[in-house]
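Descriptive structure summary
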Amino acid sequence: MIEPVAPEDFQRVFATAAATVLGGAGYAGLFAWARLKNRRLWLVGAYMCYAASAAAMLLLTRAAHLNGAWQGVVVLMLVGYLLAPHGIWHLCVASHRLERNSRAPPGD
């Protein structure tokens, strides 16, 4: 069962939720840009944004009183969000490679 958030914790919940979203957006954006431009330093920035997002999510878990099985859901979300940009990147690269190959002139 989830314990309701106390009124004095609303500000903390909203702030940590916003930090989670902003950190996640920074992670996704910097990850994609780093891969497109082949810049390792931006990849480091992406992982720093992920770390900030993960820390905010853990603080949100505490502020929103997510206990028991909900903590497992939060961990699964964090792992999924860490791995999703990698999978999406590989999917995009593969689909663009297939698209380029399908444009080849007939008989080649």
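Residues numbered from 1 in each chain as written. Predicted model: local features only at pLDDT ≥ 70, side-chain atom pairs only at ≥ 80, totals over all residues. Heavy atoms only, no water.

**Brief notes about the packing of helix α1 (residues 10–37) against helix α3 (residues 69–102)**
- Packing of α1 against α3 leaves a shortest axis separation of 11 Å and a crossing angle of 35 degrees. At the point where α1 passes α3, the crossing takes the right-handed sense. Judged by residue contacts, Gly 24, Tyr 27, Ala 28, Phe 31, Ala 32, Arg 35 and Leu 36 of α1 engage Tyr 81, Leu 82, Pro 85, His 86, Trp 89 and His 90 from α3.
- Per-class residue counts for the contact of α1 with α3 are nine nonpolar, three polar and one charged. (Axes fitted to C-alpha atoms, helices over the stretch in contact; angles between N-to-C directions. Helix = DSSP H or I, 4+ residues; strand = E, 2+ residues; numbered from the N terminus. Left-handed = near helix turned anticlockwise from the far one by under 90°. Contact = heavy atoms within 4.5 Å. Nonpolar A, V, L, I, M, F, W, Y, C, P; charged D, E, K, R; others polar.)

**Some details on helix α2 (residues 40–63)**
- The end-to-end C-alpha distance of α2 is 35 Å, a good match for the 34 Å that 24 residues give at a rise of 1.5 Å each.
- Buried residues of α2: Leu 43, Gly 45, Ala 46, Tyr 50, Ser 53, Ala 54, Ala 56, Met 57, Leu 60, Thr 61 and Ala 63, and no others.
- Packing partners of the buried residues in α2 comprise α1 and α3.
- Count one or two residues on from α2 and you reach His 65, which has phi positive near 60 degrees. (Expected span 1.5 Å × (residues − 1). Buried < 20%, exposed > 50% of the residue type's maximum accessible area, 1.4 Å probe, protein only.)

**Let's talk about the packing of α1 against α2**
- Between α1 and α2, the shortest axis-to-axis distance is 7 Å and the interhelical angle comes to 160 degrees. The orientation of α1 relative to α2 falls into the category roughly antiparallel. By crossing handedness, the relation of α1 to α2 is classed as left-handed.
- A breakdown of the residues in the contact of α1 with α2 according to their chemical character gives 19 nonpolar, seven polar and two charged. (Parallel < 35°, antiparallel > 145°, perpendicular 65-115°, else oblique.)

**Looking at the pattern of salt bridges**
- In this structure the tally under the stated criterion is one salt bridge.
- Arg 12 serves as the salt-bridge partner of Asp 9, at 3.5 Å between the closest nitrogen and oxygen. (Salt bridge = Lys/Arg side-chain N within 4 Å of Asp/Glu carboxyl O.)

**Some points on the UniProt feature "transmembrane region" (unreviewed entry) in the protein**
- Taken from the UniProt record, the annotation "transmembrane region" (unreviewed entry) applies to residues 13–34, 41–60 and 72–93.
- Summarising residues 13–34: 100% helix, 0% strand, and an end-to-end C-alpha distance of 31 Å.
- Helix makes up 100% of residues 72–93 and strand 0%, and the two end C-alpha atoms of the span are 32 Å apart. (UniProt positions renumbered as here; feature names shortened; annotations may be inferred.)

**Considerations on the packing of aromatic side chains**
- As enumerated under the stated definition, the model contains six aromatic pairs in all.
- Ring centres of Tyr 27 and Tyr 47 lie 6.0 Å apart, and the angle between their planes is 45 degrees; on these two criteria the pair is classed as tilted. A residue pair is termed long-range when its members are at least 10 positions apart, and Tyr 27 in helix α1 and Tyr 47 in helix α2 qualify at 20 residues.
- The exposure class of Tyr 47 is partly exposed, given its relative accessible area of 32%.
- Among the aromatic residues, those joined into a cluster by ring pairs are Tyr 27, Phe 31, Tyr 47, Tyr 50 and Tyr 81.
- When the ring centre of Trp 42 is taken as reference, the NZ or CZ atom of Arg 39 above it lies at 5.6 Å. (Phe/Tyr/Trp six-rings, centres within 6.5 Å; stacked < 30°, edge-to-face > 60°. Lys NZ or Arg CZ within 6 Å of the ring centre and 35° of its normal.)

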